[in-house]
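# Close look at the chain arrangement
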Amino acid sequence: MNWDETTDDAADPQADRLVGASADREDQAVEAALRPKDLGEFIGQEKVREQLDLVLRAARARGATADHVLLSGAPGLGKTTLSMIIAAEMGAPIRITSGPAIQHAGDLAAILSSLQEGEVLFLDEIHRMSRPAEEMLYMAMEDFRVDVIVGKGPGATAIPLELPPFTLVGATTRAGLLPPPLRDRFGFTAHMEFYEPAELERVIHRSASLLDVEIDTAGAAEISGRSRGTPRIANRLLRRVRDYAQVKADGHITRDIAAAALGVYEVDGRGLDRLDRAVLEALLKLFGGGPVGLSTLAVAVGEERETVEEVAEPFLVREGLLARTPRGRVATPAAWAHLGLTPPQGRTGASGQQDLFGA
């Protein structure tokens, strides 16, 4: 397996968040040990697993390479893991790189020309690839051929380069940014959904077994409920709870131990951390639940506008604690309830408009 290091932890606003879905170098090292090796071990994403199993079995039966695969979904849901499973199921090597690392068509040509027959090329964050490289990829995916341009100006010539059949696995967190010509060249597309708490409990029990950590059912449930539906976050929280249990208790993780440990790390029962609660508290206590503009809210929290919009808001919106309206950000009744506050008389939640009945 070849892995091109392409991530910059310092540039990622979620890199230092315990409940951030992006992977830092510690996460990458641990995930390598915890990753399932085949579809049978992979937990969750039932429909995707079933469909992908059919695609891979059919390809093996034909003795052909598998169709190109596009995986979309939020970070931490298992896209990289599935790419490795695809390679393992096909008995093929895998090469891993990312869209930001391919800034020129020549970068992509160098990778494609060195592929072996049947090899799996995993291209993470494929929507961030440069346009010239993207256009070269069209022909490579469809015809297994690229045209290498030699020379410049009127004297430039295109030399066709034949490629061995390969399988491209593209992963993206923003499928809407992929141009239709690229999307259409994938034979199989799948969207990764957030995990249910019961599925995350299975992930936590499996990881605990591999990490040689004792955890009971209630302890796993406590961690899964704070994991935002994301296996990567569940595994990270498990490691932090393990540390607490080893230092403060006998090493066995129970519900009380998990709750106490995550309290130390400021992750509440719904998975909100310091930044999430700061946004909600500012919205509720300073602005009466809104509506309030994003820039004003960011100043009140002491964070950059982009941090509030891209790091805190997505989860708050998904949890139904905050709503984006044309007039600004508005707290929902669930936000007031979560922080144990009473909304002002005559306020509603998501609409930000006064209730005619004064409720």
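Residues numbered from 1 in each chain as written. Predicted model: local features only at pLDDT ≥ 70, side-chain atom pairs only at ≥ 80, totals over all residues. Heavy atoms only, no water.

### Overview of the overall build of the chain
Formally: Numbering of helices and strands starts at the N terminus; helices are DSSP runs of H or I of at least 4 residues and strands are runs of E of at least 2. The buried label goes to any residue with under 20% of its type's maximum accessible area, the exposed label to any with over 50%, and the partly exposed label to all in between, with areas taken from a 1.4 Å probe on protein chains only. In what follows, residue pairs with any heavy atoms lying within 4.5 Å of each other are defined as contacts. Each accessible area is a Shrake-Rupley result for a 1.4 Å probe, and residues are judged covered by the shown protein chains and nothing else.
When you go through the chain residue by residue, the secondary structure sums to 14 helices and 12 strands. Out of the 359 residues in the chain, the part that is buried amounts to 48%. Within the chain, residue pairs in contact and separated by at least 24 positions form 67% of the contacts whose partners lie at least 6 positions apart. Carbon and sulfur atoms make up 51% of the accessible area of the chain, which amounts to about 16800 Å² in all.

### What about the nonpolar core?
Definition in use: Definition of nonpolar core: a set of buried residues of the types Ala, Val, Leu, Ile, Met, Phe, Trp, Tyr and Cys, connected through side-chain atoms within 4.5 Å.
Within the largest apolar cluster, 52 residues are counted, with the highest numbers of intra-cluster contacts made by L52, L82, I215, I223 and I253. Ranked by the residues each element gives to this core, the list is headed by helix 9 (residues 231–248), at 7 residues. Those residues in contact with L52, other than ones at most four positions away along the chain, are L39, V69, L82, I86 and F188. Counting 24 residues, the second largest nonpolar core, distinct from the first, contains L70, I126, M141 and V146.

### A closer look at the side chain of Q45
One can find Q45 in the loop between helix 1 (25–34) and helix 2 (46–62). Look at Q45 and you get buried, because its relative accessible area is 8%. Those residues within four positions of Q45 in sequence are excluded, and the remaining contacts are L77, H191, M192, E193, Y195 and E199.

### Brief notes about the packing of helix 7 (residues 197–210) against helix 9
A pair of packed helices is characterised by two quantities: the angle between their axes and the separation of those axes. Spelled out, the test is: Here, axes are lines fitted to C-alpha atoms. For helices the fit covers the stretch in contact, and angles between N-to-C directions go from 0 to 180 degrees. When an angle is under 35 degrees it counts as roughly parallel; over 145 it counts as roughly antiparallel; between 65 and 115 it counts as roughly perpendicular; any other value is oblique. Here a crossing is called left-handed whenever its near helix is offset anticlockwise from the far helix by less than a right angle, and right-handed whenever the offset is clockwise. Each residue is assigned to one class: nonpolar for Ala, Val, Leu, Ile, Met, Phe, Trp, Tyr, Cys and Pro, charged for Asp, Glu, Lys and Arg, and polar for all the others, Gly among them.
Viewed as axis vectors pointing N to C, helix 7 and helix 9 meet at an angle of 45 degrees, and their least axial separation amounts to 10 Å. Overall, the two elements helix 7 and helix 9 adopt an arrangement that is oblique. Seen along the crossing, helix 7 lies across helix 9 with a hand that is right-handed. Packed against helix 7, whose contacting residues are L200, V203, I204, S207 and A208, the element helix 9 presents P231, A234, N235 and L238 at the interface. Of the residues that constitute the contact of helix 7 with helix 9, the class distribution is 7 nonpolar, 2 polar and no charged.

### Topic: the environment of D268
Condition: For this analysis, a polar contact is any N or O atom pair within 3.5 Å, provided that within protein one partner can donate a hydrogen and the other can accept it, and provided that sequence-adjacent residues contribute only side-chain to side-chain pairs.
Mapping D268 onto the fold places it in the loop between helix 10 (255–264) and helix 11 (274–286). Since its relative accessible area comes to 15%, D268 is described here as buried. Separated by 43 residues in sequence, D268 and G225 place their C-alpha atoms 9.5 Å apart. Not counting the four nearest positions on each side in its chain, D268 is found in contact with R226, R277 and H338. For D268, the side chain forms a polar contact with the main-chain nitrogen of R270, separated by 2.9 Å. A distance of 2.9 Å separates the side chain of D268 from the side chain of H338, its partner in a polar contact.

### Focus on the pairing of strand 11 (residues 322–325)
Put simply, the rule reads: If DSSP finds at least two bridges between two strands, the strands pair.
Direction of pairing for strand 11 relative to strand 12 (residues 328–331): antiparallel, over a ladder of 4 bridges. Note on strand 12: the bridge partner recorded for A323 is V330. Connecting the antiparallel pair strand 11 and strand 12 is a turn made up of 2 residues.

### Examining unusual backbone geometry
Among all residues except glycine, the phi angle is most often negative; among peptide bonds, the trans geometry is most common. One non-glycine residue, E125, lies in the positive phi region at around 45 degrees. For E125, a relative accessible area of 17% gives the class buried. A positive phi angle, near 50 degrees, is found at F144, a position not held by glycine. Counting through the fold element by element, F144 comes out in the loop between helix 5 (131–143) and strand 5 (145–150).

### A short note on a nonpolar patch on the surface
Where we set the bar: Patch membership is restricted to residues that have no salt bridge and whose relative accessible area is over 30%. Joining uses 9 Å for like charges and 5 Å for the nonpolar side chains Val, Leu, Ile, Met, Phe, Trp and Tyr. Put simply, a salt bridge is a Lys or Arg side-chain nitrogen that is within 4 Å of an Asp or Glu carboxyl oxygen.
Together, V148, I159 and L161 line one region of the surface with nonpolar side chains, adding up to about 200 Å² of accessible area. Following the sequence through the fold, L161 ends up in strand 6 (residues 157–162).

### Comments concerning the pattern of salt bridges
Applying the stated criterion to the full structure yields 17 salt bridges. A salt bridge links D243 to R240, with the nearest nitrogen and oxygen atoms 3.0 Å apart. A residue pair is termed a helical-turn pair when its members lie 3 or 4 positions apart in one helix, as D243 and R240 do in helix 9 at 3 residues. When its relative accessible area of 24% is taken as the criterion, D243 is described as partly exposed. Given the relative accessible area of 13%, R240 is considered buried. Through salt bridges with shared partners, one network takes in E222, R226 and R255.

By themselves, these figures tell us nothing about what the structure is for.
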